[in-house]
Amino acid sequence: SLIYIERLIKITVGGVRPRIGNWRSVLFASMVMSSKVWDDLSMWNADFSQTCPSGVRFPLKRINELELAMLNCLKFDVKVRASEYAKYYFLLRSMCIRSGLAGHDLIHSRALDIEGAKKIEDLSSKFQHDGIAGSDVDKSGRSSPPSPKALGSRSKSAGEVAMTSSPNAGAVKVNLEKIIPM
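Definitions and cut-offs
- Residue numbers run consecutively from 1 along every chain, following the written order of its sequence.
- At least 70 in pLDDT is required for a residue's local features to be given in this predicted model, at least 80 for side-chain atom pairs to be given and counted, and no such filter applies to totals for whole chains, interfaces and linings, which use all residues.
- The side-chain values count all of the structure's non-hydrogen atoms but skip hydrogen atoms and water molecules.
- The helix and strand labels rest on DSSP assignments: H or I over at least four residues marks a helix, E over at least two residues marks a strand, and numbering proceeds from the N terminus.
- The span expected for a helix works out to 1.5 Å for each residue beyond the first.
- Note on exposure labels: buried denotes an accessible area under 20% of the residue type's maximum, exposed denotes more than 50%, and partly exposed covers the range between, all computed with a 1.4 Å probe on protein chains only.
- Any pair of residues with heavy atoms lying within 4.5 Å of one another is described as a contacting pair.
- A cavity, in this analysis, means grid points on a 1 Å lattice covering only the protein atoms where a 1.4 Å probe fits yet has no way out; a pocket is instead an open set bounded by protein on both sides within 12 Å along at least five of seven lines, and a residue lines either one if it has an atom within 4 Å of a point.
- Grid points are joined across faces, edges and corners, and a volume is the space filled by probe spheres set on the points.
- Residues were grouped as follows: Ala, Val, Leu, Ile, Met, Phe, Trp, Tyr, Cys and Pro as nonpolar; Asp, Glu, Lys and Arg as charged; and all remaining residues, including Gly, as polar.
- Surface patches are defined over residues having more than 30% relative accessible area and no salt bridge, joining like charges when they lie within 9 Å and nonpolar side chains (Val, Leu, Ile, Met, Phe, Trp, Tyr) when within 5 Å.
- In these tables, accessible area is a Shrake-Rupley quantity obtained with a 1.4 Å probe, and a residue counts as shielded only by the protein chains included in the view.
- The salt bridge criterion pairs a side-chain nitrogen of Lys or Arg with a carboxyl oxygen of Asp or Glu, the two atoms within 4 Å.
- Only the stretch in contact is used when fitting a helix axis, every axis being a line fitted to C-alpha atoms; angles between N-to-C directions are given from 0 to 180 degrees.
- Convention used here: angles under 35 degrees read as roughly parallel, angles over 145 as roughly antiparallel, angles from 65 to 115 as roughly perpendicular, and any remaining angle as oblique.

Student: Just to check I follow, could you spell out helix H2 (residues 23-38) for this structure?
Tutor: The periodicity of an α-helix, 3.6 residues per turn, causes residues three or four positions apart to be oriented the same way. Taking 1.5 Å per residue as the helical rise, H2 with its 16 residues ought to reach 22 Å, and the 22 Å between its terminal C-alpha atoms agrees with that figure. Of all the residues in H2, the buried ones are Ser-25, Val-26, Phe-28, Ala-29, Ser-30, Val-32, Met-33, Ser-34, Ser-35 and Lys-36. Taken together, the buried residues of H2 touch helix H1 (2-11), helix H3 (45-48) and helix H4 (60-73).

Next up, the structure:
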């Protein structure tokens, strides 16, 4: 979530950033996005609308608007490299330990050494080279995103228009600044 929030701030040159009036929307949208990118079987937007604590309400329509606006703002670039994830993980981990907010497990866990880091990188590289269901692997070994046809039935948002053969057919451009009060 933090990675996506920082990307939003950078892409919009500070125009979209958490403030008193929008921090819930920015954080919620980035958490939904993170869940969908990270989890193989993420919840549907209708489910997300039921997960808010009392006093906070995100109706399905609002979640769909936030998601589409965020994707447009990020230019659909939601991939997080393993090295970028690791950088944020260790930064947050060290901040928690220094501030005294870390639990016993985090404080006493074995730090990642070079051998462990290489193992993780090798596993990550192997996964990336094996490809994704529905994606094509080019001659360099890089996989392209799954085709819209392969993803057509995997929509996470209720009420979405079924995808056609063209990924931009019927696409609605939404400006994040119009969705989230600045």
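From this point, the discussion proceeds with the structure in view.
Student: Got a minute to help me understand the layout of surface pockets in this structure?
Tutor: Take a probe with the size of a water molecule and roll it over the atoms, and the empty space left behind shows itself. Roughly 220 Å³ of internal volume is contained in the second largest pocket. Taken together, Trp-23, Arg-24, Leu-27, Phe-28, Met-31, Val-32, Phe-48, Thr-51, Cys-52, Pro-53, Val-56 and Phe-58 form the lining of the second largest pocket. Sort the elements by how many residues they give to the lining of the second largest pocket and H2 lands first, with six residues. Split by residue class, the lining of the second largest pocket holds ten nonpolar, one polar and one charged.

Student: Looking at this structure, I do not really get a nonpolar patch on the surface. What am I missing?
Tutor: On the surface, Leu-2, Leu-91, Leu-92 and Met-95 cluster together into a nonpolar patch covering about 330 Å² of accessible area. Ranked by residue count, the leading element in the nonpolar patch is helix H5 (residues 82-99), at three residues. Position of Leu-91 relative to the elements: it lies in helix H5. Its relative accessible area of 43% is what places Leu-91 among the partly exposed residues.

Student: In this structure, what is going on with the pattern of salt bridges? I would like to understand it.
Tutor: Between side chains of opposite charge, a pair can form when the charged atoms approach closely. Taken as a whole, this structure holds three salt bridges when the rule is applied. The residue Lys-36 makes a salt bridge to Glu-67 at a minimum N-O spacing of 2.6 Å. You can see Lys-36 sitting in helix H2 and its partner Glu-67 sitting in helix H4, a full 31 residues away along the chain. Lys-36 gets classed as buried once you look at its relative accessible area, which sits at 16%.

Student: Sorry, what's going on with the packing of H1 against H5 here?
Tutor: Two elements in contact, H1 and H5, have axes whose closest approach is 10 Å; the angle formed by their N-to-C orientations is 105°. With respect to each other, H1 and H5 are oriented roughly perpendicular. Of the residues in H5, those touching H1 at Leu-2, Ile-3, Glu-6 and Arg-7 are Glu-84, Tyr-85, Tyr-88 and Leu-92. Looking at the contact of H1 with H5 residue by residue, the classes come out as five nonpolar, no polar and three charged.

Student: Teacher, can you tell me more about the packing of H2 against H4 here?
Tutor: The geometry of a pair of packed helices is captured by two quantities: the angle between their axes and the separation between those axes. Between H2 and H4, whose axes approach to 10 Å, the crossing angle comes to 75°. Overall, the two elements H2 and H4 adopt an arrangement that is roughly perpendicular. Contact with H2, carried on its side by Ser-25, Phe-28, Ala-29, Ser-30, Met-33 and Lys-36, involves Arg-62, Ile-63, Leu-66, Glu-67, Met-70 and Leu-71 of H4 and no other residues of that element.

Student: Quick question: what am I supposed to make of the environment of Arg-24 here?
Tutor: If you trace the backbone, Arg-24 turns up in helix H2. Overall, the relative accessible area of 45% leaves Arg-24 in the partly exposed class. Once the C-alpha coordinates of Arg-24 and Phe-58 are considered, the two residues, 34 residues apart in sequence, prove to be 9.6 Å apart. Residues within four places of Arg-24 in sequence aside, it is in contact with Val-56 and Phe-58.

Student: Can you help me understand unusual backbone geometry in this one?
Tutor: Most peptide bonds are trans, and most residues other than glycine sit at a negative phi. Even without a glycine there, the phi angle at Lys-75 is positive, about 55°. Structurally, Lys-75 can be placed in the loop between H4 and H5. Here Lys-75 falls in the exposed class, since its relative accessible area comes to 64%.

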